[in-house]
Number of protein chains: 2
Amino acid sequence: MQAPSVPCRWASLPSPSAREAASMYGTAVAVFLVILVAALQGSAPPESPFPYRIPLDPEGALELSWNVSYSQEAVHFQLLARRLRAGLLFGMSDRGELKNADLVVLWTDGDSAYFADAWSDQKGQVHLDAQQDYQLLQAQRTPEGLSLLFKRPFATCDPKDYLIEDGTVHLVYGILVEPFRSLEAINTSGLQTGLQRVQLLKPDIPTPPVPSDTRTMEIRAPDILIPDQETTYWCYITELPKDFSRHHIVMYESIITAGNEALVHHMEVFQCAAEFDSFPHFSGPCDSKMKPERLNYCRHVLAAWALGAKAFYYPEEAGVAFGGPGSSRFLRLEVHYHNPLQIKDRRDSSGIRLYYTATLRRFDAGIMELGLVYTPVMAVPPRESAFVLTGYCTDKCTQLALPPSGIHIFASQLHTHLAGTKVVTVLARDGREREIVNRDNHYSPHFQEIRMLKKVVSVHQGDVLITSCTYNTQDREHATVGGFGILEEMCVNYVHYYPRTELELCKSAVDAGFLQKYFHLVNRFNNEDVCTCPQASVPEQFASVPWNSFNRDVLEALYGFAPISMHCNRSSAVRFQGDWNMQPLPRIVSTLEEPTPQCPAIRGPSPAGPTVVSIVGGQR
Amino acid sequence: MQAPSVPCRWASLPSPSAREAASMYGTAVAVFLVILVAALQGSAPPESPFPYRIPLDPEGALELSWNVSYSQEAVHFQLLARRLRAGLLFGMSDRGELKNADLVVLWTDGDSAYFADAWSDQKGQVHLDAQQDYQLLQAQRTPEGLSLLFKRPFATCDPKDYLIEDGTVHLVYGILVEPFRSLEAINTSGLQTGLQRVQLLKPDIPTPPVPSDTRTMEIRAPDILIPDQETTYWCYITELPKDFSRHHIVMYESIITAGNEALVHHMEVFQCAAEFDSFPHFSGPCDSKMKPERLNYCRHVLAAWALGAKAFYYPEEAGVAFGGPGSSRFLRLEVHYHNPLQIKDRRDSSGIRLYYTATLRRFDAGIMELGLVYTPVMAVPPRESAFVLTGYCTDKCTQLALPPSGIHIFASQLHTHLAGTKVVTVLARDGREREIVNRDNHYSPHFQEIRMLKKVVSVHQGDVLITSCTYNTQDREHATVGGFGILEEMCVNYVHYYPRTELELCKSAVDAGFLQKYFHLVNRFNNEDVCTCPQASVPEQFASVPWNSFNRDVLEALYGFAPISMHCNRSSAVRFQGDWNMQPLPRIVSTLEEPTPQCPAIRGPSPAGPTVVSIVGGQR
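The name an unreviewed UniProt entry assigns to chain A is Dopamine beta-hydroxylase, from the organism Prolemur simus. Database annotation for chain A, UniProt heading Function (unreviewed entry): "Catalyzes the hydroxylation of dopamine to noradrenaline (also known as norepinephrine), and is thus vital for regulation of these neurotransmitters." In its Pathway (unreviewed entry) section, the UniProt record describing chain A reads: "Catecholamine biosynthesis; (R)-noradrenaline biosynthesis; (R)-noradrenaline from dopamine: step 1/1."

Structure below.
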C-alpha cells in the first residue's frame, strides 16, 4: 500500500494562554467534523478496506475497524464514534490499563477540535508525545456518527509508544464529555473508560478453497436468555445426526445474534468422549449445580472463536475428522457472555457454523498439548510480577513419536489460568533455538483463541519444543501450584497440526525427588519450617515455605537445573515406551533474541504537536 | 549554546552504480578538504572552545578536542587528523571494540569524499545509520592537518547508537589508507585501529578560587628512561622538606613531558604510613625485585590523574591535610606508562604539581572506602558475562560514625581488578534509593581516575551506601575470589568528602557461616564434590565447586539474602564499637531506575544519508 499523500492543514496548537483567553467553558460542546484530509488511497480490496471489526464498549458506541499492511508495517484504523459529545481517547496498553497507555486523543477546547498522539503516565495524566506517530488521514461525519481514519506503524521507537506485536493487544478507550483547555488537562482516571482485547496483527495468509461438496452445520445456543450478570459461561449439549459418517471439518465461523455483538465474548465447540454411549441434554450456566457431571467428559476442542476472530480455515491438505465410528456424536457448545452493564431480557442464539465435507482431505488434523504437566511440583512463589515456568517436549519424545517426515503446526491456542501474562513456544534443534512457534507478550486468560500461525512450523524427529509461561502473583499471599483449579496454574500450548499422530501430550515437570531436596535446603536455611516428612503433600510443603528472596531464587534455579519427568503420551493417556523420569533438561546453547523493532527510517510529514480539526457543525 | 545554523550543501549520495562507473580505483588518494559549512557559533569561551583534548593513537596522529553542552545535551568534537591518507573512522563502543561500534566515517571513493553516521556489526562490517545523528559542522584544512568539527546529542534513540553517559567512554578510531567504493565496503577488522578511554561528560562545575598564598610543589619522575615495553608502572619515592608544617592541598594538575602525551597513562601520588620514620629512596618499575618492601606502606592517595583529566580542585571549604606532626614526610609517585609501540630511548619527567596553602581551610577533606571487604568469601563464578557483587555501608555504621550534620562527598574513584566492567554506588535512606553517588557503566580497571561529582552528595546518619560491581569472567575457568591479587577481585569506591571523620572503611562481605551452608547445599545437589571440612580454605572450596547453573544461581541468591559481616572501621583499622557480624542486609523497597534517555524531540536538518564533502586539493 502506498503511503497516502496528506495535503491536510497541519497547524500548530495555539498556546494555552491564547486558548485560555477564549471563552470556552460551560456546557459540553458537541464536536462535529468534516472531511479534512485526502481520502485513503491504498491497495486494500475496495469492497472491504477494513476486514476486521470489533465493538470497543459494551453499548457499541465505539466501533473499531482495521486492516494490517505487512509491507508498510503499519495498521490503518477506522474508529466510528456514535453519539460523541466532546471527544475520545483510544489506544493500547500493556494489559488494558488506562495508565501508562499509548493514546490518540480527539478533544475540543470549546473553540476548536484537536487530534494528537499522546500518552498517559502512571497517574493517568495525559501528555503530548514528542513524536507524533498516529497520523490522521480522514475525519468524516457519517449518518452513523463520526468516523476517524488514522494509521500507525507497528514500531515507532518513541519510548512512550506501545509496540504492536503478534498476539493479544489490549485496546483501551475513554469518552470525553466536556471540553478541556489543553491535552495536559486530561486525566484518564476521571473518565468513562474500558478495554477490549484483540489480535491486531491478523495473519496475512490466503484463504484455502472450500470443496464444492461442503455442507454446513450450526451449533447454536437455543434462544436462551442472557443472564444479567457480568460473566456467564453457558453450556449447551447437542448431537450429530445418527449414522453421521466420518467427515472433515474444513472451516468454521461464528454466528452472532444481531445486537449481541458486544456481549458474546468467546465460544467453543467440544466433542464428548467416545467411551460413553450417550450424554444427557443440557442448556444452562456451566457452573450450575444442575449440570450433569458427565459433561466434564466433553473436552476435545473442535472449534473455538473469540471476539474479533474471523472464519477459521484449515490448510488445504487437512481437516478435523468427526463423525463415524470411534467418535462421539455428542457436542458441547460453551458461550462466554460478558455483560458488565448487566443488561436484562436479552435473548441469544449465537454459535458456530461448521463447514464440513465427506470428501476426506489427505491428512487428519490433530491437536497436541505442549507445556507443563498439571502437577503441584511446578509452582510460582507469591508476590512475583513476572515469574517464568517452562515445560519441555524433548528430543527423545519427538524422536520416538513423530513420523520421519515430521509434522506441520499451523495453528495454536495458548492456555494458562488467571495468573498467566505471557506465553511462548520455541522450537530448538541441535541445541539452538530456531523458530518461534507462537508468542504472546500480552497474553490474557480472558482471551484464548485458536490463532493461525503466520508461518507453518515443521517439527522433525529430535526437535525440542520449549513452552514458557510468565505469571503475575503480586496479589497473592501463598505459592500458586500447578493443577486444574482456577487458582492453580497451567502452562499449555494446544498446537493444531497435521498429519495427526498418536502423540497427544508432550509435557514435562521438575523431578519430584529434586523438589524434595529443595524443601530440605529451604529448611537448612530457614530453621525447619517446611515439613519434609513423607505424609506432607507438595501443596502443603509449598504452603509452608517462608517466601524470601533466597527461597524464591533457589526455586527458580532448581527449575532451571533439575532433571525433569516427561509425559510423552498417546491419546489414551498411555506413555510411549521408554524411560521418562530423571531426564536431563534440554541443553540450549543459543537462544533467539526478540527482534529489535525497525523504526521507520524516513517518516512522512509529521506534525510536532496536535493537529487542529475545524468545527463546522452546531450543537447536536 | 545555540544550535548552529547549517547552510551546508547536503547532497544525497550518488547511487553505487553511478559511482562505480567512475574510474576511482588505484593508488590511495589523499583527501583534502576546505571549509564547507558555517563556522561553529556558540557560547563556549572564545579563548578555548574545546577545553578537553586527548591524543587517540600512540603516535598522536589523531587528536580529539571536545566540549560538553549540558543545556543542549550534546558534545561538540574537533578531530585533528595529521597525515591523513584516505579517511578515518571515529566513534564509541561498549568496551573499546571496533565491532558493534557507533561510528562516524570520513571516506573517499576516489572522486568525492563523504561523511556519514554509521555503525559496525559484530563482524566489523560498517553500515549506514538509518538516522544521521553526528552532524558535520566544519571541515577545515589547517597547517597541522585536517580538522573536522561535528556534534552529537548524548542520546539519539537510534538503537544502533551509543548512549553517551557519565563515566568512562571508550573512544575508538580506525585509519583508512585507500578509497572505498561505498561505506558498506568497509570492514573494521582490516584496518589500523585503536581505542582511548576518556570521561567524555566532564562535570560542568565552577572552578573554586585558589588562595593568594598558594604555593606549588612538583612530584615528578627524575628524568627516567621509559622502558620499551607496553606496560610499566614506575615507582619513585620523594620526601617533603624537613619541618614541613601542616598544609592543605587545594588543587593539583598533571605535568607531562612534552612529546610523551600519548605515553603517560595515569599517575598517582601516595603518602606513606606515618608509623615509619623513614622510607628508602627508590626509582624504578613498581614490580622490580629491587623495590624495597616497605614501599607497600605508601598507599594513602594524595592525588591521582589519568589521561584526559584536567586540574583537580578541592571544594572551597576543604583541603587535604599533609605535613606537620602525625603525617609522613615520604611520598610515592606512581606513573603508568603505556607504550604499545615499544618506543625506545624516550626520557620522561612527568608528574603532578600540588597547589597547597598554609592558610588551612575550614574542613579537612578525607577519603572513605566503600564496597566489599577484601575477602575470598565474595566470589564470582567462571564464564559469567555480568555477575554482580554488592557491598554495603549500613545505616548502623553511618549512624554511629558520621557527625550529626553529615558528610559531603564531592569526588569518587572507583576500583576493581581486571574483571570489573561496571561500578555504581547508590545512597539509600529509609529503605529507598535516593541518589547515585557515582556510576560508571563502562568502567575499566585500566582507567581509574578521581572524578569530581557533578553534584555533591550529602550522607547523613542512618543512610545506607550500596556499592555494586559487575564482573566479566567469560575467559576464566575457575571462580574468582575476593582478595589483593591481580587475579582476585575488589569492589571499592574511594569517596572524597569533608569534613573528615574517623570512619575510613565502611564495607561488607557475606557471613562466613552462611557461605559454609552454601557449600553444604552444593554437596547435597552434586554428590559431595566440595570439601566442607574445617581445614579447607574458602578459595579451595570455591575451586572445587562444579559450576553449573544451579550452583551459580544459588550463590547469587545467597549473596542477595544472607546476613553480612560489616567492617565499620577507623583509620587505624579498628572497628567502631558494636556488633558487626550477622547483620541483616539493608532492606531496599524502592530502587532508582536508570533514566530513559530523552531523545531530541525535534531534530535539526538531518540528512538521510552520507554528506558529500568536495575535494579541492591534489595529492600530498
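After that view, the rundown keeps rolling.
Caption draft 1: Just the overall build of chain A, in detail. When helices and strands are counted, chain A shows five helices and 37 strands. In chain A, buried positions account for 56% of the 620 residues. Considering only contacts in chain A between residues 6 or more positions apart, those separated by 24 or more positions represent 78%. Within the structure as shown, chain A displays about 26100 Å² of accessible surface, and the carbon and sulfur contribution to it stands at 50%.

Caption draft 2: Molecular detail of the interface of chain B and chain A. The partner chain A presents 21 residues to the 21 residues of chain B that form the contact. Note on chain B versus chain A: buried area summed over both sides is about 2000 Å², and carbon and sulfur give 71% of it. The largest share of the area that chain B buries against chain A comes from Arg524, Phe525 and Phe561 of chain B, three residues that together contribute 30% of it. For the interface between chain B and chain A, the tally reads zero salt bridges. The interface formed by chain B and chain A includes four residue pairs in polar contact (both at pLDDT 80 or more). Those elements that place two or more of their residues in the side of chain B that touches chain A are α3 (512–526) and α5 (549–559) of chain B.

Caption draft 3: Focus on the pattern of salt bridges. This model, assessed by the stated rule, comprises 46 salt bridges over all chains. Close ionic contact of aspartate 553 of chain B with arginine 552 of chain B constitutes a salt bridge, the shortest N to O distance being 3.1 Å. Looking at aspartate 553 of chain B, the relative accessible area reads 22%, which means it is partly exposed. Connected through shared salt-bridge partners, Arg53, Glu63, Arg82 and Glu144 of chain A make up one network.

Caption draft 4: The arrangement of the packing of helix α3 (residues 512–526) of chain A against α3 of chain B in detail. Relative to each other, α3 of chain A and α3 of chain B sit at 165°, their axes nearing to 11 Å. What the angle tells us is that α3 of chain A and α3 of chain B run roughly antiparallel. By crossing handedness, the relation of α3 of chain A to α3 of chain B is classed as right-handed. Taking contact as the criterion, the partners of Phe514, Lys517, Tyr518, His520, Leu521, Arg524 and Phe525 of chain A in α3 of chain A are, on α3 of chain B, Phe514, Lys517, Tyr518, His520, Leu521, Arg524 and Phe525 of chain B. For the contact of α3 of chain A with α3 of chain B, a count of residues per class yields eight nonpolar, two polar and four charged.

Caption draft 5: Just the state of the cysteines, in detail. Residue and element names in this part refer to chain A. Per the stated rule, a full pass over the model turns up 10 disulfides over all chains. Note on cysteine connectivity: cysteine 397 is disulfide-linked to cysteine 568, with sulfurs 2.0 Å apart. What sets the handedness of the cysteine 397 and cysteine 568 disulfide is the S-S torsion sign, and at about 85° it is right-handed. Taken together, the positions of cysteine 397 in helix α2 (residues 395–401) and cysteine 568 in strand β36 (residues 564–570) put the pair 171 residues apart, joining distant regions of the chain.

Caption draft 6: Representation of a nonpolar patch on the surface in the model. Residues and elements named next belong to chain A. Where nonpolar side chains cluster on the molecular surface, the patch consists of Leu418, Ile486 and Leu487 and spans about 310 Å² of accessible area. Counting through the fold element by element, isoleucine 486 comes out in the loop between β33 (480–481) and β34 (492–498). Given a relative accessible area of 53%, isoleucine 486 falls into the exposed group.

Caption draft 7: Region of the structure containing the side chain of glutamine 271 of chain A. Residue and element names in this part refer to chain A. Its place among the elements puts glutamine 271 in strand β16 (residues 264–271). A polar side-chain atom of glutamine 271 sits 2.9 Å from a polar atom in the side chain of serine 327. Residues in contact with glutamine 271, not counting those within four places in the same chain, are Tyr297, Cys298, Arg299, His300, Leu302, Phe322, Gly323, Ser327, Ser328, Phe330 and Leu331.

Caption draft 8: How the structure looks around the UniProt feature "domain: DOMON" (unreviewed entry) in chain A. The feature "domain: DOMON" (unreviewed entry), as annotated in UniProt, sits at residues 60–176 of chain A in this numbering. Taken end to end, residues 60–176 of chain A comprises 0% helix and 57% strand; its first and last C-alpha atoms sit 16 Å apart.

Caption draft 9: The arrangement of the relation of the copies chain B and chain A in detail. The two copies are related by a screw operation: chain B maps onto chain A through 180° of rotation and 0.0 Å of translation along the axis, at an RMSD of 0.1 Å. Here the copies are linked by what is in effect a two-fold axis. For chain B, the minimum C-alpha distance to the rotation axis belongs to valine 554 of chain B and amounts to 2.8 Å. The fraction of interface residues of chain B whose copies in chain A are also interface residues reaches 95%, indicating that both copies meet through the same surface.

Rules of the game
Once a new chain begins, its residue numbering starts again from 1 and follows that chain's sequence as written. Throughout, the order in which chains and ligands are written sets their labels, letters from A for the former and numbers from 1 for the latter. At least 70 in pLDDT is required for a residue's local features to be given in this predicted model, at least 80 for side-chain atom pairs to be given and counted, and no such filter applies to totals for whole chains, interfaces and linings, which use all residues. Computation of side-chain values covers all heavy atoms of the structure but excludes hydrogens and water. UniProt positions are given in the numbering used here, feature names are shortened, and annotations may be inferred rather than shown by experiment. Numbering of helices and strands runs from the N terminus, with a helix taken as a DSSP run of H or I at least four residues long and a strand as a DSSP run of E at least two residues long. Only protein chains enter the accessibility calculation, which uses a 1.4 Å probe. A residue is then buried if its area is under 20% of the maximum for its type, exposed if over 50%, and partly exposed in between. By the convention used here, residues are in contact when the closest approach between their heavy atoms is within 4.5 Å. Here the Shrake-Rupley method, with its probe set to 1.4 Å, supplies the accessible areas, and only the displayed protein chains count as covering residues. A quick way to say it: buried area is the sum, across both parts, of accessible area lost when two parts are put together, with a 1.4 Å probe. We define a salt bridge as a side-chain nitrogen of Lys or Arg found within 4 Å of a carboxyl oxygen belonging to Asp or Glu. The definition of a polar contact used here is a pair of N or O atoms within 3.5 Å, where within protein one atom must be able to donate a hydrogen and the other to accept one, and adjacent residues in sequence count solely through side-chain atom pairs. In this analysis an axis means a line fitted to C-alpha atoms, helices contributing only their contacting stretch, and an angle means the value between N-to-C directions, from 0 to 180 degrees. Put simply, angles under 35 degrees are roughly parallel, angles over 145 are roughly antiparallel, angles from 65 to 115 are roughly perpendicular, and the rest are oblique. We call a crossing left-handed when the near helix sits turned anticlockwise from the far one by less than a right angle, and right-handed when that turn is clockwise. Side-chain classes are defined by residue name, with Ala, Val, Leu, Ile, Met, Phe, Trp, Tyr, Cys and Pro counting as nonpolar, Asp, Glu, Lys and Arg as charged, and the others, Gly among them, as polar. By disulfide we mean two sulfur atoms from cysteines, separated by a distance within 2.5 Å. Patch membership is restricted to residues that have no salt bridge and whose relative accessible area is over 30%. Joining uses 9 Å for like charges and 5 Å for the nonpolar side chains Val, Leu, Ile, Met, Phe, Trp and Tyr. Least squares is used to superpose the copies, and the fit set is the C-alpha atoms of residues whose pLDDT is at least 70 in both copies.

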